[in-house]
Every structure is written in C-alpha cells, then in structure tokens.
Amino acid sequence: MTRRVYLHIGAPKTGTTYLQERLALNKAALGRHHVHYPLGLHSSQFRAALDLIDMPWGGQREDVRGEWDNLIGRVRRHNGSVIISHEILAAATPAQVKRAMADLEGSEVHLVYSARDLGRQIPAEWQEGAKHQRSRSFARFLTQVQSSSRSRPDLWFWRVQGLPDVLSRWSGGLPPERVHLVTVPQPGAPRDELWRRYCRAFGIDPAWAPEEASRENVSIGTAETALLRRFNRRVKKAGLDSEQYRALVRELMVHQTLAQRPGMVKATLPPPAYPWAQEIAAEWADWIEGSGVDVIGDVADLRPVPPDEKEHWHDPDSPRNARMVDAALDALVAMTLEAAKRPDPSEQITARLGRAARRLRGQ
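Residues numbered from 1 in each chain as written. Predicted model: local features only at pLDDT ≥ 70, side-chain atom pairs only at ≥ 80, totals over all residues. Heavy atoms only, no water.

> Describe the overall build of the protein, with residues and values.
Across its full length, the protein holds 15 helices and six strands. Radius of gyration (C-alpha) of the protein: 22 Å, near the 21 Å computed for a compact globule of 363 residues. Principal-axis analysis of the C-alpha atoms gives the protein an extent of 65 × 55 × 40 Å. The buried share of the protein, reckoned over its 363 residues, is 49%. For the protein, the proportion of contacts with a sequence separation of at least 24, taken over those separated by at least 6, is 80%. As displayed, the protein has an accessible area near 18200 Å², and 51% of this comes from carbon and sulfur atoms. (Helix = DSSP H or I, 4+ residues; strand = E, 2+ residues; numbered from the N terminus. Rg over C-alpha atoms; globule rule 2.2 N^0.38 Å. Buried < 20%, exposed > 50% of the residue type's maximum accessible area, 1.4 Å probe, protein only. Contact = heavy atoms within 4.5 Å. Areas by Shrake-Rupley, 256 points an atom, 1.4 Å probe, with all protein chains shown as cover.)

As structure tokens, this is what we get:
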C-alpha cells in the first residue's frame, strides 16, 4: 500500500482546533480504515510545525528542536493515508516549504488549505493576537492589514491568511488536483458542514470518526478583548513569563472565563472596510479559477457579507465601560478561586509579588 500524505497548513481561525481534536479523539477508529493522525508525546502537531517554521513563539523555540524530524519519522512508519495538520504551517518560507516537501519525498502529497472570508478573519486574528499578549488597538491592526503587502508579506496576518500567496508558496510542483481548498461556510450553514468538507478533502468518511470534539478556539467580545489588551500591558510590565501567561491568562482567564460570558458583542469590520475586503475576495476568486485547484465548498463563501445598513456598528476599541468592569470582575473571581486552590505562598513568592506590584506603581 502506498502512502498518501495530506498536509493541512491552515489557515488559523478556520475551525482547526476542532478538526485536530476530532482527529486525535478518533485516532484508533481512523487507523482501522488506514487513515493515520500521528501524534507524539504531546497531543498536538504544534511543536513539529513550530520547529519547521523556526519562530520564537513565546520562548518555546528551543524546546521544540527536532520535533519536525520526529513527526516525519512517525509519518514514514505508516502506509495508507496520513494527516499532518497545523495552522501555523501556512507561515512557512519557501526554503521551509522545500524542506518539508523533501522530507515527504516518496509519498503522494496532497495540500489542504482552509480559508474564511476577511470580514470574519480580520477581527478573529486581532482577538487571537490579544490572546498572545498583544495590546494593539483594532484600528491600528486594521490599518496595518490594509496597508501591508499581500504578495510578499512581512505581516503575520497575510503570511497565513493571504490565500494566493500561501498556496503559491506551498503548492509548487504539485498538480492542481492535489491542492484542496476548503472554504468555511457562511453563518447559517449546518453545524457539521465544515467537518464534512474537511472529510472530503482528506478522503475519509465522516462515519469513521464518530466521536465529537468539544474543544474550540473560542472568541471573546469587544469588552472582553479591550480588557485583555489593557491587562496585557500591565502584566507584561509586572514580568509574568510566557508559560504562566498561557496557563493563567489564556486558558483560565480567557478560554474558561471571558469566552463563556453571555451576551458578548462581537468585533466586526467597520462598514467602510467591506468594499475593500470584497475586492480582495474577487481577486481571490479569479486566482482560484485560474489555478485549477480543487475547491471543496463554495468560492462565494469567501466574499464578506456586510451588515444591514440599519445595524449599529460597535467600535471594538470603545466598548461600554460597564461591560468592561463586569468582565474584569468575572476574571478576578476566576483568578481568586484558582489562587485559593493553591498552597499558601512562600516568603519568596510573596516578595516576588511585592516587587511586581512596585513595578506596576512605577516605584
């Protein structure tokens, strides 16, 4: 039996967290159908992807050296279909793509890229940046996105979200029928439609992976994001390290607390930005048609849908103060409950907290 490798390279914020957990949960069941999702000791292919793209990523770079080679070793032990999936792979440079393809030589490689319309992706990536300790305003982020080059991008957003550029970087030498573009459905589609589209891209029957995933990379509202941005500035000054930030802030405060708040106001593009975003979608549609790649879904899904003209736009940079205070109280309660579970702090920890507090006060 030959080996067919499906290399899913992103994009971020296209249901990838759900997809990867569902593949992992159903690993044994898929294996009985000769579909393999190789994982090492860490239940994600993030470490291997980070090793390939060679970025610092919050101080984790040194910890992941050799992980890409380890993943390739596991891939080579399988016949049938093998799925590699992580959204940060979209950022790979041409040299890194060349290395990946050389490492997969001898396999029938299929490229899978998932894309969502810019009307949803731009606010989603801005929020994701806040979850990674960034504090820039939405207005500044939108200006950067609109003014940056899309053909030779330096900005992370376009490196992973610029559909023609990503596919051009990754698909060199592959016949177009082995390049699969999965479009994320517009709101209102059946709940499992995206999952079914992924299954078609990977050549699997959805029934082979019956166990549902519960984990998603959840979004937060405008008030919650504004709170997080301000918190990021303070906590950076206080000296919280990246590992503690991931556990306490991103996981406990954001995912488990702020993302669960009812009635959140979604961040959306300002209405004047929609014609620009729709123009890019039209350019992408022309590129897709000319490329001959396999489209799973509908290219029309990539066209941003503007809000109703009567609908009031909420500026993500100016949420209501009362909503921010309420979100802050929820976050404080969650942090207090977590602190109550832990042993009493030692004198050393108490002294460290005191030093952090003095730094915040500028003393």
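> Kindly report on the sheet that holds strand S3 (residues 80-85), identifying the contributing residues and their values.
Read across the sheet, six strands follow the order S2-S3-S1-S4-S5-S6 without closing on themselves; strand pairing throughout is parallel. At either margin of the open sheet sits one strand with a lone partner, and together these are strand S2 (35-36) and strand S6 (294-296). Contacting strand S1 (3-8), strand S4 (108-115) and strand S5 (179-183), helix H9 (residues 163-170) crosses the sheet at an angle of about 170° to S4. (Pairing = 2+ DSSP bridges. Axes fitted to C-alpha atoms, helices over the stretch in contact; angles between N-to-C directions.)

> Describe the nonpolar core, with residues and values.
By size, the foremost hydrophobic cluster in this structure holds 59 residues, and its most contacted members are Leu-7, Leu-89, Tyr-113, Ile-122, Trp-158, Leu-163 and Trp-170. Beyond its immediate stretch of four places on either side in the chain, Trp-158 contacts Leu-118, Val-145, Ser-148, Ser-149, Arg-150, Pro-153, Asp-165, Val-166, Trp-276, Ile-280 and Trp-284. (Core = buried A, V, L, I, M, F, W, Y, C linked by side-chain atoms within 4.5 Å.)

> Please provide a residue-by-residue account of the pattern of salt bridges, values included.
Taken as a whole and judged by the stated rule, the model has 24 salt bridges. For Lys-131, the salt bridge goes to Glu-128, with nearest N and O atoms at 3.3 Å. (Salt bridge = Lys/Arg side-chain N within 4 Å of Asp/Glu carboxyl O.)

> Could you give an account of the environment of Ala-49, with specific residues and numbers?
Along the chain, Ala-49 falls in helix H3 (residues 46-53). On the accessibility criterion, Ala-49 (1% relative accessible area) is buried. Remark: the alpha-carbon pair of Ala-49 and His-86, spanning 37 residues in sequence, is separated by 6.5 Å. Once residues within four sequence positions are removed from consideration, Ala-49 is found in contact with His-86, Ile-88 and Leu-89.

> Lay out helix H12 (residues 242-255) in plain terms, naming residues and giving numbers.
Given a rise of 1.5 Å per residue, 14 residues ought to cover 20 Å, yet the end C-alpha atoms of H12 are separated by just 16 Å, more than 12% below that figure. Among the residues making up H12, those that are buried are Tyr-245, Val-249, Arg-250, Leu-252, Met-253, Val-254 and His-255. Check the buried side of H12 and you find it contacts helix H6 (118-130), helix H11 (222-238) and helix H14 (321-341). If you check the start of H12, you find a side-chain oxygen 3.2 Å away from the backbone N of Glu-243, and it comes from Asp-241. (Expected span 1.5 Å × (residues − 1). Polar contact = N/O pair within 3.5 Å; in protein donor to acceptor, adjacent residues only side chain to side chain.)

> So what's going on with the side chain of Asn-232? Which residues, and what values?
Mapped onto the elements, Asn-232 comes out in helix H11. Using a relative accessible area of 2% as the deciding quantity, one classes Asn-232 as buried. At 2.8 Å, the side chain of Asn-232 forms a polar contact with the backbone oxygen of Ala-130. Setting aside residues no more than four positions away along its own chain, Asn-232 makes contact with Ala-130, Gln-133, Arg-134 and Tyr-245.

> Could you give me a rundown of the packing of H3 against helix H4 (residues 67-76), with the residues and numbers involved?
Here H3 crosses H4 at 120°, and the two axes come no closer than 7 Å. As the angle between them shows, H3 and H4 are arranged oblique. Along this stretch, H3 crosses H4, giving a crossing that reads as left-handed. Two secondary-structure elements touch here, H3 through Arg-47, Ala-48, Asp-51 and Leu-52 and H4 through Glu-67, Trp-68, Asp-69 and Leu-71. Per-class residue counts for the contact of H3 with H4 are four nonpolar, no polar and four charged. (Parallel < 35°, antiparallel > 145°, perpendicular 65-115°, else oblique. Left-handed = near helix turned anticlockwise from the far one by under 90°. Nonpolar A, V, L, I, M, F, W, Y, C, P; charged D, E, K, R; others polar.)

> Can you explain the side chain of Asp-165? Please cite residues and give values.
Mapped onto the elements, Asp-165 comes out in helix H9. There is a polar contact of 2.7 Å between the side chain of Asp-165 and the side chain of Arg-169. Not counting residues within four places of it along the chain, the set of residues in contact with Asp-165 comprises Arg-150, Ser-151, Pro-153 and Trp-158.

> Any chance you could break down the packing of H11 against H12 for me, citing the residues and the numbers?
With their axes 13 Å apart at the nearest point, H11 and H12 run at an angle of 160° to one another. The orientation of H11 relative to H12 falls into the category roughly antiparallel. Handedness of the H11/H12 crossing: right-handed. Facing Leu-228, Phe-231, Asn-232 and Val-235 of H11, the residues of H12 in contact are Tyr-245, Val-249, Met-253 and Val-254.

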